[in-house]
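The chain contents come next:
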Amino acid sequence: GELSELIARTAAHLTTLGRRAGDRVGLCLSDNADHLVTLLALAHIGAVAVPLDWRAPPAETARLIDGLGLATVLIEAHGRDIDGCEAIRLDDAWRRSVEHAGAVARPIGDWGAPFAISATSGSTGRPKFTVMTHAQYYFSIVAMWELIGLSGRHRFLSTLPLYYSGGRNSCIAHLLRGDCVVFHSNLFTPAEYVEAVERQNITTTAIVPSTARQLMAAAGETPLLPGLSAMFCSGAPLHAEEKRQALKRLTPNFHERYGTAETLAISVLRPGDFAERPDSVGLPHSLAEIEIVDDADASLPHGAVGRLRFRAPGMGSPLKGSAAETNFRDGWFYPGEIARLDAAGYIFLEGRASEVIMRSGAKVHPAEVEAVLAEHPDVLDAAVVGLRGADNEEEVVAFVVARGDVQVGELLGHCRSRLAPHKIPRQFRLLDALPRNTAGKVDRSALADRLARGSDVEDIDAARTTRG
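Residues numbered from 1 in each chain as written. Predicted model: local features only at pLDDT ≥ 70, side-chain atom pairs only at ≥ 80, totals over all residues. Heavy atoms only, no water.

Details of the nonpolar core
When a protein is soluble and globular, its nonpolar side chains tend to lie buried together.
Point 1. With 48 residues, the main nonpolar core has Leu27, Leu42, Leu74, Tyr137 and Ile141 as its most contacted residues.
Point 2. In this structure, leucine 27 is in contact with His35, Thr38, Leu39, Leu42, Ala49, Val50, Pro51, Leu52 and Leu74, ignoring residues within four places of it in sequence.
Point 3. Counting 24 residues, the second-largest nonpolar core is a separate cluster that includes Leu157, Ile202, Ala212 and Ala246. (Core = buried A, V, L, I, M, F, W, Y, C linked by side-chain atoms within 4.5 Å. Buried < 20%, exposed > 50% of the residue type's maximum accessible area, 1.4 Å probe, protein only. Contact = heavy atoms within 4.5 Å.)

Below, the structure written as structure tokens:
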């Protein structure tokens with residue numbers, strides 16, 4: 001009740017500042033309650049919220065503001081100035097004005113009006129913008145309720161960035177179900193995370209794979225968080241062995257969730273599925289229609305590998321003129337995944353179409369090579385990209401984060417015993433950590449830039465090693 005009143009008063013104050021239905025308003029705010037309150041207040045008056053990454057460089061923010069035609073951006077009390085548009089600070093004067101504002105009694109607008117414009121993380125290229133109406137967002141939230149089994153009795157720990165769709169949507173799904181949302185900084189040690197869960201009596205959490213790996217590295221032989229009702233990992237798939245270890249080392253209620261900014265959650269792999277299908281991302285929700293198709297969009301049978309496509313009432317639409325338009329065709333959304341379905345309808349991701357490496361006329365899916373490397377006991381993390389040579393052929397390059405000293409010959413032998421010859425990396429590059437964006441995804445474009453620059457990481461050519 002207090003939250004509803006606060007949203008209505010915030011909406012009223014926004015109208016006194018000249019914000020109206022249809023206005024696009026940027027949210028360059030940190031990960032706290034103000035972010036969600038202002039987002040819902042904008043929805044209340046029919047304005048369109050545009051979450052922005054407050055950690056992004058000013059030049060990147062300026063490009064988004066210009067490209068989306070934003071006239072106003074809400075910023076923190078001590079946030080940096082925003083060039084090119086009006087910046088409204090959420091300072092003490094803002095809070096006093098909200099406190100003394102009246103209330104917008106009823107939401108303005110309709111189900112078909114835009115609710116928010118969201119962007120992909122941009123890990124594989126320039127951001128792609130998607131618009132969701134109120135109706136589309138409602139149905140996507142209903143699908144999340146089904147997938148994550150919300151009861152209205154949970155306490156959810158929010159640590160993911162709110163500009164990132166996975167973090168924002170998790171919070172709203174819990175709020176609309178009547179759960180409690182507890183905000184916590186997304187910078188923490190494993191010990192601080194465990195302490196926050198225990199102190200706040202948390203029952204559900206959402207994390208990204210990098211956090212899962214850090215927590216598992218700090219765990220012993222018994223689960224680190226045995227009392228959780230559910231932990232959901234999203235943002236990128238974990239490898240099969242990592243999922244098994246998460247059940248043992250983190251919580252027996254560990255889940256993997258798959259989705260996109262354009263669709264929200266699509267599927268969940270539940271703990272009971274890990275024994276038989278650990279390499280799957282689970283079953284889709286009941287509102288989803290999933291198909292695997294070939295390059296001509298012809299449907300493929302169960303077990304065949306092809307392009308995944310999706311449609312549901314909770315699916316967004318591409319912003320006109322945005323790069324996202326290439327992902328929508330004939331009422332379907334194509335997330336760019338190479339995948340297959342089994343007879344029961346479980347989704348198995350084989351990699352992204354844009355990341356497929358063509359080597360000697362054969363396709364190499366980086367995810368397959370990464371999964372093999374992850375099985376090595378001395379490998380903490382790995383990412384695989386393609387390097388195009390002067391002969392226009394691509395070579396497989398593996399970036400590896402080791403637990404300690406690792407012998408390249410061991411990695412090479414490990415891959416040789418598990419992969420076909422054309423899939424074996426020709427180079428291994430050792431890093432202290434993989435570059436990641438603020439959503440926790442591996443920044444493959446940064447790895448490709450390292451290759452293009454000949455960056456001074458340790459570089460071992462597997463071909464030279466085997467010949468020598």
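A look at unusual backbone geometry
Point 1. In this structure, asparagine 201 takes a positive phi of about 55 degrees despite not being glycine.
Point 2. Its place among the elements puts asparagine 201 in the loop between helix H7 (190-199) and strand E9 (204-207). (Helix = DSSP H or I, 4+ residues; strand = E, 2+ residues; numbered from the N terminus.)

Re the sheet that holds strand E11 (residues 254-260)
Point 1. Reading across the sheet, the seven strands line up as E8-E7-E9-E10-E11-E12-E13 and stay open at both edges, with mixed pairing between neighbours. With partners counted over all chains shown, the strands left at the sheet margins are strand E8 (180-183) and strand E13 (283-284), one partner each.
Point 2. Bridging between strand E7 (residues 155-158) and E8 involves four bridges; their strand directions are parallel. Opposite arginine 155, over in E8, you have cysteine 180 as the bridge partner. (Pairing = 2+ DSSP bridges.)

Some thoughts on the packing of helix H5 (residues 134-148) against helix H6 (residues 165-177)
Point 1. Following both chains from N to C, one finds H5 and H6 inclined at 80 degrees, their axes separated by 10 Å at the closest point. It follows from the interaxial angle that H5 and H6 lie roughly perpendicular. The segment H5 lies against H6, with Tyr137, Ile141, Met144, Trp145 and Ile148 engaging Asn169, Ser170, Ile172, Ala173, His174, Leu176 and Arg177.
Point 2. Here the residues of the contact of H5 with H6 sort into eight nonpolar, three polar and one charged. (Axes fitted to C-alpha atoms, helices over the stretch in contact; angles between N-to-C directions. Parallel < 35°, antiparallel > 145°, perpendicular 65-115°, else oblique. Nonpolar A, V, L, I, M, F, W, Y, C, P; charged D, E, K, R; others polar.)

Points about empty space enclosed by the protein
Point 1. On inspection of all chains with the given rule, the structure shows one cavity of 30 Å³ or more.
Point 2. What lines the largest cavity is a set of 13 residues, among which Ala116, Ser118, Met132, Tyr137 and Arg168 lie closest to the centre.
Point 3. The set of elements that each furnish at least two residues to the lining of the largest cavity consists of strand E5 (114-119), strand E6 (129-133) and H6.
Point 4. Its residues placed into classes, the lining of the largest cavity shows eight nonpolar, four polar and one charged. (1 Å grid on protein atoms, 1.4 Å probe; cavity = no way out; pocket = protein on both sides within 12 Å on 5 of 7 lines; lining within 4 Å. Points joined across faces, edges and corners; volume = space filled by probe spheres on them.)

These figures come from the coordinates and say nothing about function on their own.
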